[in-house]
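# A look at the structure
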Amino acid sequence: MSAGAIATPDDLSQELVNRARSSAEVLLIPKSLSRSRLAQFFDENLTRLRHLNSETELSRELHKILEMNGSTTVERVRYAVGKIFGGIAIGPEEYQTQISIAGNHSRFAVRDDSINQVVRISENEVNPKTLGKYLDAYTALPEEQRPLFIIETHDEGSAIDERISRAPEEMNFMRFRPDAVLEKHIIERLPSGSMMELVDQYTNNSFSSASRLSVLQLESAIVMDTSLHEELAARLFHIRSIANERGKFATTAAAKALSNRLEDVANNPLSDADQRIALASKILSNLWLLYCEEGPRALFDNAMAIANSLDDELMQAHCVRLINTIEPHGTMTDQMLHRAAKTFHEHGLFDFSNFCLNNAYVGKFYTDEDIASAFADVTTASAESIDGFLGRSIMINNVGVAYLVEGDLENASHWFSRVSKEPASPLHTLSAEVNLAIAHYVDGSDTDGQKLLKLARKTIRQVDRKYRYQTANLLLNTLLLSKGQPEASVIRELATDAGVFDDPVVNGDRGTLASLAATCNGETLQSQSGPGRRARFIQQHGLVPIFHHAWL
């Protein structure tokens, strides 16, 4: 595949490429128009053209994508789902292991020369589910890095609305009318049609249709003879699909519905095996709600009490991986996280193991220990289990922070830059970009006001406002970095309109954000930033590098 840019021999092809890059538009073009108006475009891009002419070819291409980019994790999830939904009774210990593997499925990034590809799909007999999965595979890539998708529709009798009905929300459709006028094409995007369709899509790393199911629709899709462990697994997959598609705060209704369902189950007679399965699911339900709400200690205590009553080391480790939602970093939590990481590793749950180690290492930011090199080694080794998946971007950014606060600016910049090559939520991408700007500033480089303004605007537009601490951190850092530049006033206006300067989350955090806000306002606030290398970095430079725990 050629590494050059897509050739645009005329104004029409230039417009198509620009639209695909700027707003993730998939182009619907009647076959006759495509073959007349775009013939030269296709000819000049033969080396980067993929023409998928049938359901068989599309299925084969989807399989290749999964094999090339997510085979390790996807295969493990498929195996785990097969054990849960294999039609054979499953014991509680087996359920706990397999649901731990299958229930932690996140998006992967397609790692090919996507930005330079033209994907030409003929409508023909393409199955909506296959097309939905195929398009879903590219949604972890930024819009400007995706291929140019062109779907050739039938001139007469087209069923394109049905065929694209499982497409992800992240992709918009533009239609060429027969008179060659381009217009937005509105479609009805359908949810999964059954519980097993949800399971199939989830298993194949396609979350859009599953996430569109309402709680009531899911409950209607669960047939009467569904076993308890299958029902609970499907509910957990539904929650995770919503989180992958719209973020954790959007999962609250589904998570509470699962919790309520488990309360109902507890009031009915169960076999010993089903009782343990229900209790293990209750632990995971509590921990998910704890992850969403970040703090209700009763949820953690109840989950840990159940895990202790089951005398189950794996379930105890699940509780410990969220210990820092309710306990500060310290020697005790550090030891617990390392022990939980060992337990997860012994069960083959390498992603959870790495995330526990991540949380232990970021706790060292509050000490004087040099941990960047060891942290980098763990993150590099994590490629075995989470390479190309969302959680790794968090660890890569955090390694950059470790190097930054230890004064190794070259390595810090290297690690922050790597995040752009990983699938990541907007919050984690922007965190790394702002941290990179901090590293360049500390290194003596001039700051780029236009780039900082772009980062601030993306923060407002892309980061969920419920992440109040993180939003304030990103906006205040960009504001301070832009000091003395004309863009500073616009960034200040964005921060003010977002309520940053009046936010109790900001003003109550005298160790970091309150001091940063005061500095942005030309004031001095006595810092209470505490011990450790990160605190000294903040005191010295006034900037607050952002890091993240990894819960899932």
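In short, a report on the structure. For every chain, the first residue of the written sequence is number 1, and numbering continues from 1 onward in sequence order. The predicted origin of the model limits local features to residues at a pLDDT of at least 70 and limits the giving and counting of side-chain atom pairs to 80 or more, whereas totals for whole chains, interfaces and linings rest on all residues. Excluded from the side-chain calculations are hydrogens and water; all other atoms, namely the structure's heavy atoms, are used.

Lines fitted to C-alpha atoms define the axes, with helix axes restricted to the stretch in contact, and inter-axis angles between N-to-C directions lie between 0 and 180 degrees. Strands here are runs of E lasting at least two residues and helices are runs of H or I lasting at least four, both read from the DSSP assignment and numbered beginning at the N terminus. Relative to each other, helix H23 (residues 449-462) and helix H25 (residues 488-497) sit at 15°, their axes nearing to 9 Å. If you check the angle between H23 and H25, you find them roughly parallel. In the packing of H23 onto H25, the handedness of the crossing is left-handed. Taken together, the residues of H25 that come into contact with H23 (itself represented by Leu452, Leu453, Ala456, Arg457 and Ile460) are Val490, Ile491 and Leu494. For the contact of H23 with H25, the per-class residue count stands at 7 nonpolar, no polar and 1 charged. An angle below 35 degrees is read as roughly parallel, one above 145 as roughly antiparallel, one from 65 to 115 as roughly perpendicular, and any other as oblique. Take the far helix as the reference: if the near one is turned anticlockwise from it by less than a right angle, the crossing is left-handed, and if turned clockwise, right-handed. Should any heavy atoms of two residues lie within 4.5 Å, those residues are counted as being in contact. Side-chain classes follow a simple rule in which Ala, Val, Leu, Ile, Met, Phe, Trp, Tyr, Cys and Pro form the nonpolar group, Asp, Glu, Lys and Arg form the charged group, and the remainder, Gly included, forms the polar group.

Okay, the packing of aromatic side chains next. Geometry of aromatic contacts follows a simple scheme: Phe, Tyr and Trp rings, the Trp one being its six-membered ring, pair when their centres are within 6.5 Å, and the pair is stacked under 30 degrees between planes, edge-to-face over 60, tilted otherwise. The final tally for this structure, using the stated rule, is 13 aromatic pairs. With centroids separated by 5.6 Å and ring planes inclined at 70°, the aromatic side chains of Tyr134 and Tyr138 adopt a geometry described as edge-to-face. Residue Tyr134 is classed as buried on the basis of its relative accessible area of 0%. To sort residues, take the accessible area from a 1.4 Å probe on protein chains only and compare it with the maximum for the residue type: under 20% means buried, over 50% means exposed, and anything in between is partly exposed. Overall, Tyr138 belongs to the buried group, its relative accessible area being 0%. Ring geometry for Tyr202 versus Phe237: centroids 4.4 Å apart, planes at 10°, classification stacked.

Throughout, nonpolar core names a set of buried Ala, Val, Leu, Ile, Met, Phe, Trp, Tyr and Cys residues whose side chains join them through atoms within 4.5 Å. Phe85, Phe237, Ile283 and Leu476 are the most contacted members of the largest nonpolar core, which has 133 residues in total. Per-element accounting of this core gives the leading share, 11 residues, to helix H13 (residues 272-293). Setting aside residues up to four positions removed in sequence, Phe85 forms contacts with Met195, Met196, Val199, Glu230, Ala233, Ala234 and Phe237. In terms of nonpolar packing, the next biggest core, distinct from the first, is built from 27 residues, Leu62, Leu131, Tyr134 and Phe173 among them.

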